[in-house]
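One letter stands for each residue in the lines below.
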Amino acid sequence: MTTATAPEVTPGTTGERSSRARVAHLVQRQGALVILVFAAVAATVAFDSFGTQRNLTSIAVQASFLAVVALGMTFVIMGGGIDLSVGSVFALGGVLAAWGSQHGLLVALALPLAVCGAIGLVQGLVIARGGLPPFIVTLAGLLFARGLLLLITDEGSTTYKVPPGAAFREIAQGKLLGLNYTVWVVIVLFLLGGLVLHRTSYGSTTLAVGGQEDAAQLMGLPVMRSKVIAYVTSSLLAALGGIMIASYTSSGVTILGVGMELEVISAVVLGGTLLTGGAGTVLGTLVGVLLLQVIKNIINQVGSLNSNWQAVVSGVILLVVVTAQQWLARVERR
Amino acid sequence: MTTTATPPTRAEAETRRRRGLDLDWVRTNGVYVALALLFLLNVVWTNNFLTERTLLLQLIQVTPVVIVALGMALVIGTEGIDLSVGAVMALAAALIPLYVGYGAAMAILIAVLVGFVTGSLAGSMVAVVGVQPIVATLGIMVAGRGVANLLGGEIKTIREPGIVSLGSESLLGVPYVVLIAAVIAALVWFAARRTTYGRQLVAIGGNKRAAELAGLPVKRVVITTYVVAGVLAAIAGVLLAARSQASDPTKLGQLMELSAITAVVIGGTPLSGGQVRIIGTIAGALLMQLIFATLVFHNIPDSTAQMAQAVIVIAAVYVQMGRRRSTS
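Small disclaimer: the values here were computed from a predicted structure and weren't measured.

Peer 1: Please explain the overall build of chain A as it appears in this structure.
Peer 2: The helix and strand inventory of chain A stands at 13 helices and two strands. Scaling as 2.2 N^0.38, a compact globule of 334 residues should have a C-alpha radius of gyration of about 20 Å, and chain A matches this with 20 Å. Overall size of chain A, expressed as C-alpha extent along the three principal axes, is 65 × 55 × 35 Å. Counting over 334 residues, chain A shows a buried share of 53%.

This is how it looks when you write it as structure tokens:
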């Protein structure tokens, strides 16, 4: 992710913009939302079972695991980086939580957060201080976290079970107002994420670093700190996603999270966050996650369709949305 | 990167230059040195390492990575990246059982054509539409793997004699797959080093804007590069299917994009583009294969092997980074 790319569309460009440009800007940022609404309406009309409360709750719960991880990734990408390790860290967090749940709720929560936070800290320090490319560092993190997972599970042959009746199960299986706690966790975290991005100096520093790192450095912004925080947060949130899924499935499944980093990145990109960094919204990411989940759900509703269509449709939608974003950005620049 | 306040004296500059050169030599040739050392280590420590069987097996196992990494090196040279290679391998392999009825040659041709199509799509998205390489190829990767699964379904065995012999027979003691990889390596090296295309590619990767202003055919070169990467990935998929006499669309080529990128980067090609090192890339792939093999020979479990690989990758790139910092 270098800065030697074509001129970016910066959000705050002053001067009179044509109404066409403003519409283009809106559609570019909210394109995924348009598709999401369209898909949801179409699915409600086409399938009786789609709009039921049960199905919608299931979509929300299934999306919550991906959403938590995608929130961390959003901050990393907005800061001009990328985190490929989240899938492995997610799985590692789940396994550690399941193991820890045998020793009480506190261990089940603290252990994965501590271990995965440490992985994020090392990655952040190597990237920020060592100046190594995030792509490579987090690729190594992907291998390392998966290796650690295999190490503590006898090469993947042991699946730790959450003991029956453990308080840990409540995290994902307990409900408040008909919604699982995990969904509430997502709502609270995304609200917090939005506040951090728009209302704190950390948020603006992250955007500045992603927009133009050299300039941010020259302005005296804490560039290194902002990067390290982003990677630590990303790993912590990936671990939290793992904790949630371990509670949901009552076990530490070792094969989870393979390729999840790419699904998370697509959700973030669909949400309108530019991979070059410097721009993006937290809400957009949530929309991107929901869009991917709704596509999965719709393909499940069409009983005759092979589940591999999920991948095909997700991939094609990603390509179409980014092509549209690029085209709209060009319209806007004119 | 260098922030010297006062100009150094001539003697100082001289020693610094010499030390810089020495370090530079290690950094440029580190991958070869590491490869040679690890090879010697295995000769001494590993039983039955220096046998034709073991060595040929290592070479056969590394061929898909080498072929894919060569294409990846070219793409990275343009300041791009191709995440779709693993999915393209699976897609090509999935087509073989479907078209094998028309004969081995036809099936292989169609499989390789798929690489041409996905490569053209990726290249056009990057060069014409202006989508970032990582996003464009990510979309193709996700969709491509899905299509491979749809077409291939379950694991299918391949019994066609032509394809089976391609994967299992040898010429003068050298397996066909290794020969093909060697020919491809020679061709890619020639294209990168001795042709206008190679020079244009490096120029575009170094500074796209300048290349455009200089009137280079930027779009054509970038699209060609992704097409080459796609075709090479498809060939790797065909060879892997031929060797295992089966096509498994779910597993085949999985994580290949990461192995290939690692080989390229360890071989000394910077991710920031503008440089392509073909021999280094091959050495990088061989080094990663040998590291993994060494750990397997000595019964180190998968878990430790993966963690060791992670540390080695970081260390190797750290050394590479130093080179760029000292030369810039």
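Peer 1: I would appreciate a short explanation of the overall build of chain B in the present structure.
Peer 2: Looking only at helices and strands, chain B features 13 helices and four strands. Residues classed as buried in chain B amount to 48% of the 328 residues present. Counting only contacts in chain B whose residues sit at least 6 apart along the sequence, the fraction spanning at least 24 positions is 79%.

Peer 1: What is the right way to read unusual backbone geometry from this model?
Peer 2: If a residue is not glycine, its phi is most likely negative; likewise, a peptide bond is most likely trans. You will see that serine 250 of chain A, though not glycine, has its phi angle at about 60 degrees, which is positive. In this structure, serine 250 of chain A sits in the loop between helix 10 (223-249) and helix 11 (260-270).

Peer 1: Any chance you could explain the interface of chain B and chain A here in plain terms?
Peer 2: One frequently used descriptor of interface size is the decrease in accessible area upon assembly of the parts. Counting residues at the interface gives 36 residues for chain B, matched by 40 residues for chain A. Elements represented by at least two residues in the side of chain B that touches chain A include exactly helix 4 (104-129), helix 5 (133-152), helix 11 (256-266) and helix 13 (302-327) of chain B. Split by residue class, the side of chain B that touches chain A holds 24 nonpolar, 10 polar and two charged.

Peer 1: Help me understand the nonpolar core, please; the structure alone is not making it clear to me.
Peer 2: Core analysis: the largest hydrophobic core is formed by 209 residues, its most contacted members being Val69 of chain A together with Val68, Ala69, Met72, Met89 and Val238 of chain B. By residue number, the principal contributor to this core is helix 10 (residues 218-244) of chain B, which donates 18 residues. When near neighbours in sequence (up to four residues on either side) are disregarded, methionine 72 of chain B contacts Asp82, Val85, Ala229, Ala260, Ile261 and Val264 of chain B.

Peer 1: It is not clear to me how helix 11 of chain B should be interpreted in this structure. Could you clarify?
Peer 2: Side chains of residues three or four places apart in an α-helix project in the same direction, reflecting 3.6 residues per turn. All names here are of chain B. With 10 of 11 residues buried, helix 11 is to be regarded as a mostly interior element. For helix 11, the full list of buried residues reads Met256, Glu257, Ser259, Ala260, Ile261, Thr262, Ala263, Val264, Val265 and Ile266. Taken from the residues just after helix 11, glycine 268 is the one with a positive phi, measuring 100 degrees.

Peer 1: In this structure, what is going on with the packing of helix 2 (residues 52-77) of chain B against helix 12 (residues 278-297) of chain B? I would like to understand it.
Peer 2: In a packed pair of helices, the relevant descriptors are the angle between the two axes and the axis-to-axis distance. Residues and elements named next belong to chain B. Where helix 2 meets helix 12, the closest approach of the two axes is 9 Å, and the angle between their N-to-C directions is 140 degrees. Considered as vectors, helix 2 and helix 12 are oriented oblique to each other. Where helix 2 crosses over helix 12, the handedness of that crossing is right-handed. Here Gln58, Gln61, Val62, Val65, Val66, Ala69, Leu70 and Ala73 of helix 2 come into contact with helix 12, specifically with Ile278, Thr281, Ile282, Ala285, Leu286, Gln289, Leu290 and Ala293. Of the residues assigned to the contact of helix 2 with helix 12, the class counts are 12 nonpolar, four polar and no charged.

Peer 1: Before we go on, may I ask you to explain the environment of leucine 291 of chain A in this structure?
Peer 2: Note that leucine 291 of chain A resides in helix 12 (residues 282-301). Sequence spacing of leucine 291 of chain A and tyrosine 181 of chain A is 110 residues, and the spatial spacing of their C-alpha atoms is 21 Å.

Peer 1: Hey, could you run me through the environment of glutamine 62 of chain A in this one?
Peer 2: All names here are of chain A. Tracing the chain through its elements places glutamine 62 in helix 2 (residues 53-78). Accessibility expressed as a C-beta count within 10 Å gives 17 for glutamine 62, which makes it partly exposed. For the pair glutamine 62 and isoleucine 77, spaced 15 residues apart in sequence, the C-alpha separation works out to 23 Å.

Peer 1: Would you take a moment to explain helix 8 (residues 201-211) of chain A for this structure?
Peer 2: The complete set of buried residues in helix 8 of chain A reads Thr205, Thr206, Leu207, Ala208, Val209, Gly210 and Gly211 of chain A. Here the buried face of helix 8 of chain A lies against helix 2, helix 9 (213-218) and helix 10 of chain A.

Peer 1: Would you mind going over the confidence of the model for chain B with me for this structure?
Peer 2: Detailed conclusions should not be drawn from predicted coordinates in areas where pLDDT is low. For chain B, mean pLDDT is 83; residues scoring 70 or higher make up 89% of the total. For this predicted complex, the interface confidence reaches an ipTM of 0.75, while the overall pTM sits at 0.81.

Peer 1: Sorry if this is basic, but what is going on with the confidence of the model for chain A here?
Peer 2: Residues at a pLDDT of 70 or more form 90% of chain A, whose mean pLDDT is 81. Every residue in residues 1-15 of chain A scores below 50 in pLDDT, and together they form 16 contacts with partners more than four places removed in sequence or on other chains.

Peer 1: Hey, could you run me through the environment of leucine 150 of chain A in this one?
Peer 2: Counting through the fold element by element, leucine 150 of chain A comes out in helix 5 (residues 134-152). Looking at leucine 150 of chain A, the number of C-beta atoms within 10 Å reads 22, which means it is buried. Separated by 104 residues in the primary sequence, leucine 150 of chain A and threonine 254 of chain A place their C-alpha atoms 7.8 Å from one another. Apart from the residues within four sequence positions on either side, leucine 150 of chain A is in contact with Glu155 and Gly156 of chain A together with Asp302, Ser303 and Gln306 of chain B.

Parameters at a glance
- Residues numbered from 1 in each chain as written.
- Chains lettered and ligands numbered in written order.
- Predicted model: local features only at pLDDT ≥ 70, side-chain atom pairs only at ≥ 80, totals over all residues.
- Helix = DSSP H or I, 4+ residues; strand = E, 2+ residues; numbered from the N terminus.
- Rg over C-alpha atoms; globule rule 2.2 N^0.38 Å.
- Buried ≥ 20, exposed ≤ 12 C-beta atoms within 10 Å, placed from the backbone.
- Contact = placed C-beta atoms within 7 Å.
- Nonpolar A, V, L, I, M, F, W, Y, C, P; charged D, E, K, R; others polar.
- Core = buried A, V, L, I, M, F, W, Y, C linked by C-beta atoms within 7 Å.
- Axes fitted to C-alpha atoms, helices over the stretch in contact; angles between N-to-C directions.
- Parallel < 35°, antiparallel > 145°, perpendicular 65-115°, else oblique.
- Left-handed = near helix turned anticlockwise from the far one by under 90°.
- pLDDT = per-residue confidence, 0-100.

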